[in-house]
Every structure is written in C-alpha cells, then in structure tokens.
Amino acid sequence: MKAAKLIESRQSAWQRLDNLCEEFGKRSKNKVPPEKAREFANLYRQACADLALAESNQLPPTTIDYLHQLVARAHNQLYRSKKFDRQVWYERIFVDTPKRIFNDTHVHIATLIFWGLFLISTWLAYDDTIWPGFAEQVAGAQRLEQSEEMFNQFGDRSVTTNSLMTGFYVYNNAGIGLVCFVTMLFVPVGMVTLSFNAMFLGTVFGYMFRPETAAAGMNFKNFVTAHGPFELTAIILSAGAGLKIGLSWLATGGLSRKDSLIKNAREALPIAMCSVSLFCMAAVIEGFVSPTTEAFLPWWAKGLVATACSLTLMIYLIVLGYPRPEDEMEEFDAA
Amino acid sequence: MSLNSSNLSSPFAPKSGDATNLEVIDTMLLVETPEKISFQYQLAGPFRRAFAYILDALFSVIGYSILLVVVAVLLGFLSNVFAGTAIGDLIGAVMELGAGFAAIGFFITYWFYGAAMEAWYNGQTLGKMILGYRVLSADGHAIDGVQALLRNFFRLMDLFPMIPLGPGPGIPTCMFGLIASTISPKFQRIGDLVAGTIVVIDEKKWVPELATFSDPRVAQLSEVLPADFVPSQSMLKTLAEYVDRRRFLAPTTTYEIARQLAPSMIAKFGLPADTDHDLLLCAMYTKAFLQVEQTPTKAELAVSLGVGV
C-alpha cells in the first residue's frame, strides 16, 4: 500500500479517536458509555499499531509526529487520574493515618521540640527574674501590651463576628500550619517557623499568667482553654509531617534522593491533612465557644470541651494508632 | 584496567540510568506503554508554565469573587422575597454566617483549587486547559489525588523568595521554582520533585495532509525516476521537511537549499544536468510517498492488527 493511501484509509479512524479524546477530556467523571469505551479502545489499539509501523511504512515525519501526539492524548484518557477512592477513605482516615502518626519518629521529634520550647518560654516569660526582659525580647513589648489590652476588653461578640473570626482562623491558622509543613522541606527554615511559633505562644502564655496581668489573664485563660488541644496538636502534626519530608532527602535510607523524597512525601501527606482538619475544628471552637464570657459559659464548661477534645485525640491517636499484634504478623509475613 | 574487569562494558559505555524505558531527548519525553508502544511527550518549560499559573491565579480570584457576589445578591433577593416566613429567617441566619463562609471559601480556593482541578480533570487546571498542558506522573501515567495535593502545596516553596512589602506575604519572585526547573532534566519545579510529576504539552494537532503539486512536470519527472528508488529514513525526512516548508520560502532560498542535495541525485539517476533542483526534490517526494509500494506483509500486518483486535 502506498503511504498516501494508507494515510487516507486511516485518517477517519484517527479523526474519530481525536474527537473521542476531546469528548472524554471535557468530563470530570471517569465513566463513559460502554459502547464508546469499546470503540475508543479499538481505535486506540489501531493508532498504536499505526504508530508502531509508521516508520517502516514510510509515513512522512509530520504524520509520525501527529500519531505520537494522538497516541499520547488517547493514552491520557485511557489511564485517567485516579481520584480519592471512597472505599479506601475509611481505611486511610481511621486505620492507616493514626498508626502512622503514632509510630512516626518525626512527629515525636516535633512534639519534643514544640513542647520543650513552649514550656521553657512560658516559664521564662512568667518568672521575669531568671532572664529579665525575655518576654519583651521574644514577642515585642508593643505586641504584648496590645494583647493584654485586647483581653482586658473581652466581651460578648455577635454571631456575625464569630463566624467571620472562624473563617479568619481557618484561613490564617490552617494556612500557617501548611506553611510550616511546606517550609520544612528545608529543615532549618521550617525549624525556625516551628521554634518561633512555640516560643511566641509560650511567651504569651507566660506573660498573661503573671500576677500583674491577672485581669487580662482570667480572660485569656477563658479564651484559650477550649480550642487549645486541637490547635497545639495540629501545629505539631504539620511540623512533624514537614520534618519527615525535609529529612527524607538528607537521610535517604538507601533510596535515591528523589525516590526517598517522593515516597516520604506520599506518607507525610495524610498527617498534614489530619493537621489541616484539626486546625479547622479548632477554628470553629475558637470562633464560637472560646470568645463567650464567663457569665454565658463558665470556665469549667470550656474545660469540659477541652477534655472532650483531648479524649477524642487520644482515642484517635493512641487507641486507633497503637500497633496491633496482627500488624507485626503482617510485617513478619512481608519480610 | 577496568577494560579487563569482570564488568564487560567498557568505561566509555553510556551509564545505565535509573530510567530504562524513559529517556529525555532535548525536551521530549519518551514513554513506553503497557501496549509496548513508545510515544513522545513534549515537556513544558518554566516560562510557559508561569503563564498558565498566572491565568489560574486570575481565574481563581475572579471566579471566586464572582461567585461571592452572585451568592450574596441571590441571598439578598431571596430574603426579600421570603421576608417574614421561616425560610426568610433561615436565609437571614445563613447571611449572618456569610462572612465566615466567605473566608473559609477563600482558604479552600487558595490552597486547594489547583489540586482539586488536577485530580478531577485528569491533570489539568483551567489555565492548563486553555494552553494545552497536562500534569502527569514522572513515568508518563496519570497523576492521583495525593500527587495533585503535594505539588500544589509545595508551590509555595517555588514562589520563594518573597520581596517583603510591609505586613503580609510579599511579592513572589519564583526564583526557587525557576532554578529547580532549570536544573532538573524534566523541567520539574520543587513541587513536581516532591510529588514526582511532570508537565507536558498536550495539544491537538491536525491530521497533516500530503503535499500535492499543481505543476504537471513533477508527476512526469517522478515517472522518469528509477523504479527501484527506495529512499532511506533520513532522506524521507529531508524530503518531507523540504516540501512542507518550500511553500513559505522565496525561490532563491529554495534554490539554495535544494542545491545541497539535488546535484548528487541528478548524477545518481543519470538525469540531464540542467534538471531543475526544486522540481527534482518534489518529484522524489511524490515518488517516495505517493507511488512507492510498501512491502505488502507490513501493510497487511497493520490492517490485521488494527481490525483483528
């Protein structure tokens, strides 16, 4: 057969495949009518065969180029992106992720660093004799006064303000969490973000509980209690997930740097997503529960909320996350 | 020395890379499918992609603003219509919470727009659809949701360092992304390296037509060419490219180009020495693509493969 004739005879099939690619590309769903899928598969195999024989059939280079991109386009529609499969969601969220978090060394390190710096800063800011002026050096005198003033005029807010603040907390806090996660790719940069957040929070806590700021301190305690557990855990988780990625290309564990990076990033993402959802839950509590006054919702009630949150976290991270004997059996089998 | 070592390959042999079925030639990525077909993708470079990103940023900001305005107007309208009824009260309550939803929506748009689009639309955001780019896994397959999320989160790293402008995030310079995609052989930015993805050009091309000639002398001359003339691959490529481009070139230029090949062919075919060079190349093109018979086995194989499956 002549090249010209071959092209002529195949052209309508190529055109049809092209049109099907176009049509499938416009859908977000992976499902197509079965007869179209059959037709598509047939045309794709034909185009593959044409491409394979293009050179020996002496087709002109422009046609070969065309076939390359046609097959590539069809390939992209045939092997479409896998979405988040609903069936594996439950397992991902309630089985894999807690275990991963519970057993992850990086999360443990982030926990130690965060709580260590937080408690030290709290103590140094509270007791001004050990390191005079520590609080002012860390947080800035102006900022401390501002926050003290803010908590002095602590009053009831309208529902609209509450809702706006919730939105702001989601945007701001979850954003900071993600920034911490991402910047940990360069460990020193991420460590600065984490350490600064730990020390800043610790300093504000310490400063607010000083005897001379008792009035603001009461309101501060009232404000932070309810959403504390979720928010502080969320910061640690995002930092831990980031640390896993940041260290993965430094200590590769026998893989190439690139492969180690990709593997650890995949494993760290659920931890980061867990952190984002914790931030969002914390934001709702921070927006609607935390700003209520003592008269409306006494401190012990907020304490109850905090306890409930902590219990939820413990069940999720420890009860679901604790390694089971059957996991060890599985690992043994795999080895 | 190492030539005599147990390793049989010479020290000058090409290093065996980690990719056995993938190789980057210039900006082309060769992919071998499970069907044992290898085809090429053209990789998209950093500047093309920056343009797509700017489009996406515009779309997400404008699109989200329009959505907010439409929803606000709609709610305002509905609350007027249903004023005083239970539905009106409900709408009023939603409007009171509206500011919070707007802020949460902004957070979702900012961090998740790209990832959601790429996961649902097979590696394409709106900007990439318009410009014809697609995100793929580095092995040439489609990406999954995890990769879409990772590469979009880590875009932040690519935007660094920021030029600080008072409070707030500052103006991104994108230097990290530019450096990373310049160094990495597949134009991967930092987010791509973390997620293991590449961006390719996924444009639609038209079926190329074979050239036809209005000059009757082309066909006449092609009849004169020896019947056993079977051009080599490189000759075919040269002829096809020459004929494709000659339409856009001035006669003096075509003359200059044709002069490189035609005289030796005239001598080979034993044609008269004053044969027009351009005419000869066109005749060879006609002979090669329009008249040479393929070996029937291969053509039959192509047909049987195509129809039989």
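Because the structure is a prediction, the values reported are computed rather than measured.

Engineer: I would appreciate a short explanation of the overall build of chain A in the present structure.
Structural biologist: Helices and strands together make up the secondary structure of chain A, namely 14 helices and 0 strands. Helices and strands appear in chain A in the N-to-C order α-α-α-α-α-α-α-α-α-α-α-α-α-α. Here chain A has a C-alpha radius of gyration of 29 Å; the compact-globule value for 335 residues is 20 Å, and the former is much larger. Within chain A, buried positions represent 50% of all 335 residues.

Engineer: Sorry if this is basic, but what is going on with the overall build of chain B here?
Structural biologist: The number of helices and strands found in chain B is 13 helices and 7 strands. Counting the 309 residues in chain B, one finds 41% classified as buried. Counted over contacts in chain B with a minimum sequence separation of 6, partners at least 24 positions apart contribute 59%. Summed over its atoms, the accessible surface of chain B is roughly 17,100 Å², and 66% of this surface lies on carbon and sulfur atoms.

Engineer: Explanation requested: the packing of aromatic side chains in the structure shown.
Structural biologist: Centre distance and the angle of the planes are the two values used to describe a pair of aromatic rings. Tallied over the entire structure, the rule returns 28 aromatic pairs over all chains. Put simply, the rings of Tyr 171 and Phe 181 of chain A together with Tyr 64, Phe 106, Phe 107, Tyr 110, Trp 111, Phe 112, Phe 153 and Phe 154 of chain B pair up and form one aromatic cluster.

Engineer: Even after reading the chapter, I still don't get the interface of chain B and chain A, so can you show me in this structure?
Structural biologist: Each side of the interface is counted separately: chain B has 78 residues, and chain A has 77 residues. The contact between chain B and chain A buries some 7,100 Å² in all, and 66% of this surface belongs to carbon and sulfur atoms. Note that Arg 266 of chain A and Asp 144 of chain B form a salt bridge whose closest N and O atoms lie 2.5 Å from each other. For the side of chain B that touches chain A, the residue count by class is 48 nonpolar, 16 polar and 14 charged.

Engineer: What's the story with the confidence of the model for chain B in this structure? I'm lost.
Structural biologist: Reading fine detail from the predicted coordinates is not recommended where pLDDT is low. All names here are of chain B. Looking at chain B as a whole, the pLDDT averages 79, with 82% of positions reaching at least 70. A low-confidence stretch, residues 304-309 (pLDDT under 50), is modelled with 6 contacts involving residues beyond four sequence positions or located in other chains. Taken together, the chains of this predicted complex give a pTM of 0.78 and an interface ipTM of 0.82.

Engineer: Explain the nonpolar core here, please?
Structural biologist: Most often, soluble globular proteins keep nonpolar side chains buried together rather than apart. With 87 residues, the main nonpolar core has Phe 181 of chain A together with Leu 150, Phe 153 and Phe 154 of chain B as its most contacted residues. Looking at this core, the element that brings in the most residues is helix α12 (residues 257-288) of chain A, giving 13 residues. Beyond its immediate sequence surroundings of up to four residues, Phe 181 of chain A is in contact with Ser 238, Ala 241, Gly 242, Ile 245, Ala 268 and Ala 272 of chain A together with Leu 150, Phe 153 and Phe 154 of chain B.

Engineer: How should a nonpolar patch on the surface be read in this particular structure?
Structural biologist: Taken together, the side chains of Val 88, Trp 89, Tyr 90, Ile 93 and Phe 94 of chain A make up a nonpolar region of the molecular surface, amounting to roughly 490 Å² of accessible area. Mapped onto the fold, Ile 93 of chain A is located in helix α4 (residues 86-103).

Engineer: Can you walk me through the packing of α12 of chain A against helix α4 (residues 145-153) of chain B in this structure?
Structural biologist: Helix packing for two helices is described by the angle between their axes and how far apart those axes are. Across the interface, α12 of chain A lies against α4 of chain B with an axial gap of 10 Å and an inter-helix angle of 80°. Between α12 of chain A and α4 of chain B, the angle is such that the two are roughly perpendicular. Here Ala 265, Arg 266, Leu 269 and Met 273 of chain A of α12 of chain A lie close against α4 of chain B, whose contacting residues are Val 146, Gln 147, Leu 149, Leu 150 and Phe 153 of chain B. Tallied by class, residues from the contact of α12 of chain A with α4 of chain B come to 7 nonpolar, 1 polar and 1 charged.

Engineer: Sorry if this is basic, but what is going on with unusual backbone geometry here?
Structural biologist: The phi angle of most residues is negative, glycine excepted, and most peptide bonds adopt the trans form. Omega for the peptide link from Phe 160 of chain B to Pro 161 of chain B comes to -15°, which places this bond in the cis form. Structurally, Pro 161 of chain B can be placed in the loop between α5 (155-159) and β5 (162-163).

Engineer: Could you clarify how one ought to interpret the environment of Ala 267 of chain B in this entry?
Structural biologist: Relative to the helices and strands, Ala 267 of chain B is located in helix α11 (residues 262-269). Taking relative accessible area as the criterion, Ala 267 of chain B reaches 61% and is therefore assigned exposed.

Engineer: Quick question: what am I supposed to make of the pairing of strand β2 (residues 28-32) of chain B here?
Structural biologist: Side-chain direction in a regular strand flips from residue to residue, so the side chains alternate between the two faces of the sheet. All names here are of chain B. Only one face of β2 is buried: it carries Leu 29 and Val 31, and the other face, with Met 28, Leu 30 and Glu 32, is open. Of the pairings in the sheet, the one linking β2 to strand β3 (residues 38-43) comprises 5 bridges and is antiparallel in character. Each bridged residue has a counterpart across the sheet, and for Val 31 the counterpart in β3 is Phe 39.

Engineer: Quick question: what am I supposed to make of the environment of Met 218 of chain A here?
Structural biologist: Tracing the backbone through its elements, the reader meets Met 218 of chain A in helix α10 (residues 214-224). Considering only alpha carbons, one finds Met 218 of chain A and Met 208 of chain A, 10 residues apart in sequence, at a separation of 8.5 Å.

Engineer: Would you mind going over helix α9 (residues 233-246) of chain B with me for this structure?
Structural biologist: Helical geometry: 3.6 residues make up each α-helical turn, so side chains three or four residues apart lie on a common side. Spanning 14 residues, α9 of chain B covers 20 Å between terminal C-alpha atoms, matching the ideal 20 Å at 1.5 Å per step. Every buried residue of α9 of chain B is accounted for by Met 235, Leu 236, Leu 239, Ala 240, Tyr 242, Val 243 and Asp 244 of chain B.

Engineer: Looking at this model, I keep getting lost on the environment of Met 95 of chain B. Mind explaining?
Structural biologist: Residue and element names in this part refer to chain B. Inspection of the secondary structure assignment puts Met 95 in helix α2 (residues 86-120). Separated by 19 residues in sequence, Met 95 and Gly 76 have C-alpha atoms that sit 8.3 Å apart. Setting aside its immediate chain neighbours within four residues, Met 95 contacts Leu 75, Gly 76 and Ser 79.

Cut-offs applied
- Residues numbered from 1 in each chain as written.
- Chains lettered and ligands numbered in written order.
- Predicted model: local features only at pLDDT ≥ 70, side-chain atom pairs only at ≥ 80, totals over all residues.
- Heavy atoms only, no water.
- Helix = DSSP H or I, 4+ residues; strand = E, 2+ residues; numbered from the N terminus.
- Rg over C-alpha atoms; globule rule 2.2 N^0.38 Å.
- Buried < 20%, exposed > 50% of the residue type's maximum accessible area, 1.4 Å probe, protein only.
- Contact = heavy atoms within 4.5 Å.
- Areas by Shrake-Rupley, 256 points an atom, 1.4 Å probe, with all protein chains shown as cover.
- Phe/Tyr/Trp six-rings, centres within 6.5 Å; stacked < 30°, edge-to-face > 60°.
- Buried area = accessible area lost by both parts, 1.4 Å probe.
- Salt bridge = Lys/Arg side-chain N within 4 Å of Asp/Glu carboxyl O.
- Nonpolar A, V, L, I, M, F, W, Y, C, P; charged D, E, K, R; others polar.
- pLDDT = per-residue confidence, 0-100.
- Core = buried A, V, L, I, M, F, W, Y, C linked by side-chain atoms within 4.5 Å.
- Patch = residues over 30% accessible without salt bridge, like charges linked within 9 Å, V, L, I, M, F, W, Y side chains within 5 Å.
- Axes fitted to C-alpha atoms, helices over the stretch in contact; angles between N-to-C directions.
- Parallel < 35°, antiparallel > 145°, perpendicular 65-115°, else oblique.
- Pairing = 2+ DSSP bridges.
- Expected span 1.5 Å × (residues − 1).

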